[in-house]
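A look at the structure
Each chain is listed here by its residues.
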Amino acid sequence: MPLARLVRNIAPRWRRLPVLAGALAVLAAVPAVASVSSDPLPAPSFDGPVYAVAYRDSTVFVGGAFTAAVVDGHRVPRQRLAAFDARTGKLLPWAPSANATVRALAVADRTVFAAGDFGTVGGAARPRLAAVDAESGAVTAFQHKISGQPATIATGHGRLYVGGHFSGVDGVTRNNLAAFTLTDGRLDTGWAAGADDAVAGIAVTATRVYAGGGFHRINGTGILRLAALDPATGALDRGFRPNPPAEVLAVAAADAPAAAPSPTVPGAEAGGALIAVAMGGQGGRAAAYGTNGGNRWQRVFDGDVQAVTVLDGITYLGGHFDAACTTARNGAHGICRDGAAKRVKLAAVSSGGKLTTWAPQANGIVGVRALAASALTGTVTAGGEFTTVGGIVQKRVAVFG
């Protein structure tokens, strides 16, 4: 039983003992920093892969290649976009339809933005990028022509930031990065960041936009795979140079509690904001950096880490790995050389870089494609191609809280 609930159950019986009651009140007020439960909460299943997850309050929006949600064994039509309640698992009536795969989602106020392979959403022509009302499901007037493929989107600072593998927007040159104003939906021509190769992940904080991918240059300056950009202009922040060791597949950023530097990472940077990345490479890797690009921690797995999110200082990771290596040494096919802990498709790392005991053990070859977290609901949602979690049937979406 969670500590707070235990205190609530006991405290009324001891109200006549002021000292003990006061002690219990103090104990209940102390926040416990721990991973969410490994047991999934109720949630719909889906009949095809889920590639994108985003929260709006207690609502979870999902996008992918599915054509139906499965609730209590019954198929409910949902064409590549759907929503459910994170607390109850109830499928919601929100059901705009996309005619091809949705690969990224982001939310701003009451608008859900989607990016992917589609040409239409809700029957309206919206090639590769669309905006939908978060409550009614109606498609908005937001419409643009992207010359290429968007892969990741994020909102903040009054903008929608888009990354991927593209060369232009509405006839204006944009190399793999672009921004749109949320007020009128126009391309922000003043935000002029550009990368020399694909951008796979974007995360937004109060002061920066972080972009990760396979690039080697941003705005003509050499910067390897992960960069910090000005939210208003797209200018490169030259004070952030982390140089991750492998291609970045996803990025998450959050304020984090102060932590001791990891003894396994020379020059580790402690405390402050945390920028976490999921990577490929030999086996797969995950790492966290501070705001100056200093290492917070690094972990090695036996398969690609494809998704990352942060909640209460814990970094949650998803991918197609089966084990977390006990050291940074791995060999052919990612095999851990110095021992490993079983972590099938999902794992969590503390702010100090330690592998936590969180181990839901999902299945499948590809495993987890997307992760998102909500401080409001205290939940983490995973999407992907798994069909069981902990041996229990839970197809392609799982919520932990």
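As a starting point, this report considers the structure included with it. Small disclaimer: the values here were computed from a predicted structure and weren't measured. Each residue is numbered by its place in its chain's sequence as written, counting from 1. Per-residue local features are limited, in this predicted model, to residues with pLDDT of at least 70; the limit for side-chain atom pairs, both in listing and counting, is 80 or more; totals at the level of whole chains, interfaces and linings are taken over all residues. Here the side-chain values reflect all heavy atoms present in the structure, with hydrogen atoms and water set aside.

1. Details of the overall build of the protein chain
Every helix listed is a DSSP run of H or I at least four residues long, and every strand listed is a run of E at least two residues long, numbered separately from the N terminus. What the protein chain contains, in helices and strands, is 2 helices and 35 strands. Burial status across the protein chain gives 53% buried among its 401 residues. Of the contacts formed within the protein chain by residues at least 6 apart in sequence, a portion of 45% connects residues at least 24 apart. When the accessible area of the protein chain is evaluated, it comes to approximately 16,600 Å², of which 53% is carbon and sulfur surface. Exposure is judged per residue with a 1.4 Å probe applied to protein chains only, and the accessible area is read against the type maximum: over 50% gives exposed, under 20% gives buried, and values in between give partly exposed. The contact criterion used throughout is that any non-hydrogen atoms of two residues lie within 4.5 Å. Surface accessibility follows the Shrake-Rupley procedure with a 1.4 Å probe radius. Residue values consider only the protein chains on display as shielding.

2. Considering the state of the cysteines
Note on terminology: disulfide denotes any pair of cysteine sulfur atoms within 2.5 Å. What the rule picks out here adds up to 1 disulfide. Disulfide pairing places Cys 325 opposite Cys 336 at an S-S distance of 2.0 Å. Between Cys 325 and Cys 336 the sulfur-sulfur dihedral comes to about -75 degrees; the bridge is accordingly left-handed. Residue Cys 325 is found in strand E28 (residues 323-325), and its partner Cys 336 is found in the loop between E28 and strand E29 (340-342); the two are separated by 11 residues along the sequence. Of the residues examined, Cys 325 reaches a relative accessible area of 2% and is grouped as buried. By relative accessible area, which is 16% here, Cys 336 ends up buried.

3. Overview of the pairing of strand E12 (residues 129-133)
Of all 5 residues in E12, 5 are buried, a share of seventy percent or more. What you see with E12 is no split at all: Leu 129, Ala 131 and Asp 133 on one side and Ala 130 and Val 132 on the other are buried throughout. Two strands form a pair only when DSSP identifies at least two bridges running between them. Examined bridge by bridge, strand E9 (residues 111-116) and E12 share 5 bridges and lie antiparallel to one another. Considered in E12, the bridge of Thr 111 is made with Asp 133.

4. Some remarks on the pairing of strand E31 (residues 368-374)
Sheet faces and side chains relate simply in a regular strand, where the side chains alternate between the two faces. By the criterion of burial, E31 is predominantly enclosed, with 5 of the 7 residues buried. Here E31 pairs with strand E32 (residues 379-384) via 6 bridges, running antiparallel. Paired with Ala 373 across the strands is Val 380, a residue of E32. Linking E31 to E32, which pair antiparallel, is a turn of 4 residues; within it Gly 378 sits at a positive phi near 65 degrees.

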